[in-house]
Amino acid sequence: MKRHRDKEWELAIGPDTVRLFILKAKALSAAVNDDYADGTEHEVEFDGDRHDRHGHDGLAEEKTEDLTEKELRELIGDLNVDEAAELVALAWIGRGDYDASEWVDALAAARERPHRHTAKYLLGMPTLADWLEEGLEAIGA
């Protein structure tokens, strides 16, 4: 992916705000990765007698993940329409759907998405933090 430093980017959402989202997304990802560290937790395997070996700590574990996710959802939900569209466009550029030189097109497509579903959409991206980082880097912000 080419870096596009010759353009001055005027973003409604500040790069520092995007970096905050990146940190929150990494924290959420780390919480999920820690839960799955041994490769067997949360997997349901059936032997010949159909016993499940589903090991997790129940609600204590769920609450920790939910707090991080809830916080990130609220932060994204607090964005105005322009900021939300830019966050989606940055993720798309980081993912490689658009090149930094196609910022206007990426932003136009992101604005067509329903604003109220932005948090759900972004949190559904498996490597959101990485894609936002790469998007910021691509535009030189």
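Draft legend 1. Fine view of the overall build of the protein. A tally of helices and strands in the protein yields six helices and zero strands. The linear arrangement of helices and strands in the protein, starting from the amino end, is α-α-α-α-α-α. Within the protein, the fraction of its 141 residues that count as buried is 35%. Restricting the contact set of the protein to residue pairs at least 6 apart, pairs at least 24 apart contribute 72%. Accessible area of the protein: about 8,600 Å², with a carbon and sulfur share of 47%.

Draft legend 2. Representation of the nonpolar core. In terms of nonpolar packing, the biggest core is built from 35 residues, with Leu87 and Leu132 touching the most fellow members. At nine residues, helix α3 (residues 81-95) tops the list of elements feeding residues into this core. Once residues lying within four places of it in the same chain are set aside, the contact partners of leucine 87 are Ile13, Val18, Phe21, Ile76, Leu79, Leu122 and Leu132.

Draft legend 3. How the structure looks around the environment of serine 101. Position of serine 101 relative to the elements: it lies in the loop between α3 and α4 (103-112). Of the residues examined, serine 101 reaches a relative accessible area of 47% and is grouped as partly exposed. Expressed as a C-alpha distance, the spacing of serine 101 and alanine 138, which sit 37 residues apart in the sequence, is 9.2 Å. Engagement of the side chain of serine 101 in a polar contact is seen with the side chain of aspartate 99, the distance being 2.8 Å.

Draft legend 4. Representation of the side chain of threonine 118 within the structure. Following the sequence through the fold, threonine 118 ends up in helix α5 (residues 118-123). Overall, the relative accessible area of 5% leaves threonine 118 in the buried class. Look past the residues within four positions of threonine 118 in its chain and what remains in contact with it is Ile76, Ala84 and Val88.

Draft legend 5. View of the environment of glutamate 69. Considering the arrangement of structural elements, one finds glutamate 69 in helix α2 (residues 59-77). It is 9.2 Å that separates the C-alpha atoms of glutamate 69 and alanine 27, two residues lying 42 residues apart in sequence. Leaving out residues up to four positions away in the same chain, glutamate 69 has contacts with Leu28 and Leu123.

Draft legend 6. Main features of α3. The terminal C-alpha atoms of α3 lie 21 Å apart, and with 15 residues this matches the ideal 21 Å at 1.5 Å per residue to within 8%. Along α3, 12 of the 15 residues are buried, which leaves the element largely enclosed by surrounding structure. All of the buried residues in α3 are Glu83, Ala84, Ala85, Glu86, Leu87, Val88, Ala89, Leu90, Ala91, Trp92, Ile93 and Gly94. If you check the start of α3, you find a side-chain oxygen 3.0 Å away from the backbone N of aspartate 82, and it comes from asparagine 80. Immediately downstream of α3, the backbone of glycine 96 shows phi near 95 degrees, a positive value.

Draft legend 7. Quick peek at the side chain of glutamate 86. With respect to the helices, strands and loops of the structure, glutamate 86 is situated in helix α3. Summary of buried charges: glutamate 86 has no salt-bridge partner, and the nearest side chain of opposite charge, arginine 111, is 4.9 Å away. Looking at glutamate 86, its side chain comes within polar contact range of the main-chain nitrogen of alanine 12, at 2.7 Å. Those residues within four positions of glutamate 86 in sequence are excluded, and the remaining contacts are Glu10, Leu11, Ala12, Ile13, Trp103 and Leu107.

Reading the values: the criteria
- Residues numbered from 1 in each chain as written.
- Predicted model: local features only at pLDDT ≥ 70, side-chain atom pairs only at ≥ 80, totals over all residues.
- Heavy atoms only, no water.
- Helix = DSSP H or I, 4+ residues; strand = E, 2+ residues; numbered from the N terminus.
- Buried < 20%, exposed > 50% of the residue type's maximum accessible area, 1.4 Å probe, protein only.
- Contact = heavy atoms within 4.5 Å.
- Areas by Shrake-Rupley, 256 points an atom, 1.4 Å probe, with all protein chains shown as cover.
- Core = buried A, V, L, I, M, F, W, Y, C linked by side-chain atoms within 4.5 Å.
- Polar contact = N/O pair within 3.5 Å; in protein donor to acceptor, adjacent residues only side chain to side chain.
- Expected span 1.5 Å × (residues − 1).
- Lys, Arg positive; Asp, Glu negative; His and termini not counted.
- Salt bridge = Lys/Arg side-chain N within 4 Å of Asp/Glu carboxyl O.

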